[in-house]
Amino acid sequence: MPRPLGELEDAVMTRVWKWNRPVTVREVLEDLQQERSIAYTTVMTVLDNLHQKGWVRREAEGRAYRYEAVSTRAAYAAALMNDAWSQSDNPAAALVAFFGMMSEEQRQALRDAVRIVQGPEETREAPVARQQEAPEVRRQEAPEARQEENPGAAQEADGR
């Protein structure tokens, strides 16, 4: 996992990702100058560093280069989240804490993403016993059986 982008690297990559096409130092410079005072050589150095770190590829165009993102901002964000999660000594607790920080809109986006990753319900394989049970039988299951499927349910029921 690459280290997180610095503040100026992120400002440059934000433009490269947003424009989603090969860009020149001059284009990035002009856009950045709307927010801050910055030199051409600074932007050129940042893009060169991003190239050396593998964030962008470049192609010569005359005496200059055009830079293009190697991956998406979404892939970058996913890599950062995965790195942070994998460093936790208790990944489940880290996820619970993370979900607790999410807005309802973010939780809905998470549910949508899980559905996409899992694929359509009809293509997922459910356990054979579950598929053959009638809906009435599933509703009448003992609470202990449901808690085995969802260990967190026992803690919630006990108020822990």
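Up top you'll find the structure we're talking about.
All of these numbers come straight from a predicted model, not from anything done at the bench. (Residues numbered from 1 in each chain as written. Predicted model: local features only at pLDDT ≥ 70, side-chain atom pairs only at ≥ 80, totals over all residues. Heavy atoms only, no water.)

1. Observations concerning the environment of Ala-77
Of note, Ala-77 is situated in helix α4 (residues 73-86). Residue classification places Ala-77 among the partly exposed residues on the basis of a relative accessible area of 30%. Spatially, the C-alpha atoms of Ala-77 and Pro-4 are 9.4 Å apart, while their sequence positions differ by 73 residues. (Helix = DSSP H or I, 4+ residues; strand = E, 2+ residues; numbered from the N terminus. Buried < 20%, exposed > 50% of the residue type's maximum accessible area, 1.4 Å probe, protein only.)

2. A word on helix α2 (residues 25-32)
Restricting attention to buried positions, one finds in α2 the residues Val-25, Val-28, Leu-29, Asp-31 and Leu-32. Down the axis of α2, the sector holding all buried residues measures 165°, keeping them to one side. Those residues of α2 that are buried are in contact with α1 (7-19), α3 (40-52) and β2 (64-69). (Arc of directions from axis to C-beta. Contact = heavy atoms within 4.5 Å.)

3. Concerning the pairing of strand β1 (residues 56-61)
Relative to β2, β1 is paired through 6 bridges, and the arrangement is antiparallel. Its bridge partner lying in β2, Ala-60 is registered against Tyr-65. Linking two consecutive strands that pair antiparallel, namely β1 and β2, is a turn of 2 residues; a positive phi of about 70° is found at Gly-62 within it. (Pairing = 2+ DSSP bridges.)

4. Thoughts on the side chain of Arg-15
Looking at the element boundaries, Arg-15 is found in helix α1. At 2.8 Å, the side chain of Arg-15 and the backbone oxygen of Ala-11 are in polar contact. Non-local contacts of Arg-15, meaning those with residues more than four positions away in its chain, are made with Val-28, Asp-31, Leu-32 and Glu-35. (Polar contact = N/O pair within 3.5 Å; in protein donor to acceptor, adjacent residues only side chain to side chain.)

5. Some remarks on the layout of surface pockets
Which parts of space are left empty comes out when a probe the size of a water molecule is rolled across the atoms. Estimated volume of the largest pocket: approximately 230 Å³. Lining the largest pocket are Ala-78, Met-81, Asn-82, Ala-84, Trp-85, Ala-94, Leu-95 and Phe-98. When residues in the lining of the largest pocket are grouped by element, the largest group, 5 residues, is from α4. Residues belonging to the lining of the largest pocket are distributed by class as follows: 7 nonpolar, 1 polar and no charged. (1 Å grid on protein atoms, 1.4 Å probe; cavity = no way out; pocket = protein on both sides within 12 Å on 5 of 7 lines; lining within 4 Å. Points joined across faces, edges and corners; volume = space filled by probe spheres on them. Nonpolar A, V, L, I, M, F, W, Y, C, P; charged D, E, K, R; others polar.)

6. Some thoughts on the pattern of salt bridges
One pass over the structure, following the stated rule, counts 13 salt bridges. A network of salt bridges, in which partner residues are shared, links Arg-21, Glu-27, Glu-61 and Arg-66. (Salt bridge = Lys/Arg side-chain N within 4 Å of Asp/Glu carboxyl O.)

7. Side note on α1
Under the 1.5 Å per step criterion, the end-to-end length of α1 is 19 Å for 13 residues, consistent within 8% with the ideal 18 Å. Buried within α1 are the following residues: Glu-9, Ala-11, Val-12, Met-13, Arg-15, Val-16 and Trp-17. Check the buried side of α1 and you find it contacts α2, α3, β1, β2 and α4. At the C-terminal side of α1, Asn-20 shows a positive phi close to 50°. (Expected span 1.5 Å × (residues − 1).)

8. Description of a nonpolar patch on the surface
On the surface, Met-81, Phe-98, Phe-99 and Met-101 cluster together to form a nonpolar patch covering roughly 410 Å² of accessible area. Looking at which element gives the most residues to the nonpolar patch, the answer is helix α5 (residues 91-101), with 3 residues. With respect to the secondary-structure elements, Met-81 resides in helix α4. Given a relative accessible area of 46%, Met-81 falls into the partly exposed group. (Patch = residues over 30% accessible without salt bridge, like charges linked within 9 Å, V, L, I, M, F, W, Y side chains within 5 Å. Areas by Shrake-Rupley, 256 points an atom, 1.4 Å probe, with all protein chains shown as cover.)

Keep in mind these values describe shape, not function.
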